[in-house]
Amino acid sequence: MTTSTVHLITRYYGAFNAGDSAGMLALLADDVRHDINEGETQTGREAFAAFLDRMDAHYREQARELVVMATPGGERAAAEFVIHGEYLKTDAGLPEAAGQRYVLPVGAFFEVRGGLIARVTNYYNLADWTRQVGG
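Owing to the predicted nature of the structure, the values given are computational and were not obtained by experimental measurement. (Residues numbered from 1 in each chain as written. Predicted model: local features only at pLDDT ≥ 70, side-chain atom pairs only at ≥ 80, totals over all residues. Heavy atoms only, no water.)

Caption draft 1: Geometry of the overall build of the protein. Helices and strands together make up the secondary structure of the protein, namely 4 helices and 6 strands. Along its sequence from the N terminus, the protein presents helices and strands in the succession α-α-β-β-α-β-β-β-β-α. Compactness check: the protein gives a C-alpha radius of gyration of 15 Å against a globular reference of 14 Å for 135 residues, within 12% of the reference. Structurally, the protein occupies a C-alpha span of about 45 × 30 × 25 Å along its principal axes. Taken over 135 residues, the protein has a buried fraction of 42%. Of the contacts made within the protein by residues no fewer than 6 positions apart, 55% connect residues no fewer than 24 positions apart. Accessible surface, the protein: about 7200 Å² in total, of which carbon and sulfur atoms supply 53%. Averaged over its 12 positive side-chain charges, the protein has a centre that lies 2 Å from the centre of its 18 negative ones. (Helix = DSSP H or I, 4+ residues; strand = E, 2+ residues; numbered from the N terminus. Rg over C-alpha atoms; globule rule 2.2 N^0.38 Å. Buried < 20%, exposed > 50% of the residue type's maximum accessible area, 1.4 Å probe, protein only. Contact = heavy atoms within 4.5 Å. Areas by Shrake-Rupley, 256 points an atom, 1.4 Å probe, with all protein chains shown as cover. Lys, Arg positive; Asp, Glu negative; His and termini not counted. Charge placed at Lys NZ, Arg CZ, Asp CG, Glu CD.)

Caption draft 2: How the structure looks around the environment of Ala-57. Mapped onto the elements of the fold, Ala-57 is located in helix 3 (residues 45–58). Judged by its relative accessible area of 35%, Ala-57 is partly exposed. Put simply, Ala-57 and Lys-89 are 32 residues apart on the chain and 6.8 Å apart in space, counted from C-alpha to C-alpha. Those residues within four positions of Ala-57 in sequence are excluded, and the remaining contacts are Leu-88 and Lys-89.

Caption draft 3: Inspection of the side chain of Asp-91 at higher detail. Within the secondary structure, Asp-91 is located in the loop between strand 4 (76–87) and strand 5 (100–113). The contact partners of Asp-91, leaving out residues within four places of it in the chain, are Arg-54, His-58 and Tyr-59.

Caption draft 4: Highlighting the pattern of salt bridges. By the definition in use, this model includes 8 salt bridges. The salt bridge partner of Asp-30 is Arg-45, with a shortest N-O separation of 3.0 Å. Separated by 15 residues along the polypeptide, Asp-30 in strand 1 (residues 28–35) and Arg-45 in helix 3 bring together distant segments of the chain. Accessibility expressed as a relative area gives 58% for Asp-30, which makes it exposed. Residues Glu-86 and Arg-60 are paired through a salt bridge, measuring 2.8 Å at the closest nitrogen-oxygen approach. Here the residue Glu-86 occupies a position in strand 4, and Arg-60 occupies one in strand 3 (residues 59–70), the gap between them amounting to 26 residues. Residues joined by salt bridges that share partners form a network here, namely Arg-60, Glu-86 and Arg-101. (Salt bridge = Lys/Arg side-chain N within 4 Å of Asp/Glu carboxyl O.)

Caption draft 5: Broad picture of the pairing of strand 6 (residues 116–124). Judged from the 4 bridges that link them, strand 1 and strand 6 form a sheet pairing that is parallel. Among the inter-strand pairings, Leu-28 is bridged to a residue of strand 6, identified as Ile-117. Relative to strand 6, strand 5 is paired through 8 bridges, and the arrangement is antiparallel. Looking at the pairing, Val-106 lines up with Tyr-124 of strand 6. Counting the residues between successive antiparallel strands, the hairpin from strand 5 to strand 6 contains 2 residues, one of them, Gly-114, with a positive phi of roughly 60°. (Pairing = 2+ DSSP bridges.)

In structure tokens, the structure reads:
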């Protein structure tokens, strides 16, 4: 179970790095819970798709130095990586975008059910990101 969960999460980030939203969404449970860093909790694949559309409009990102760990039963996993990004278009409530580049450590936590991702929780230092983009 651990190996299949690590593979699932690795595929999720492979799709992320390829800009393949459909590939990411295919790995999610219909009722996926998404805990947005310093934001709200959203539920459902449709809400996650809307989140990805918004992110794609404002940011270009790659997850590098990915490390994935899973519990022995495979029902939970964690990923640590470094996001390398470019701030393309001003996101509401955030500093003005002008193509600023940023590098940011990220932690993500997952619940897995029936071979699909049932929860995604992301954590990163928003104050650090804000400093990097000049806010």
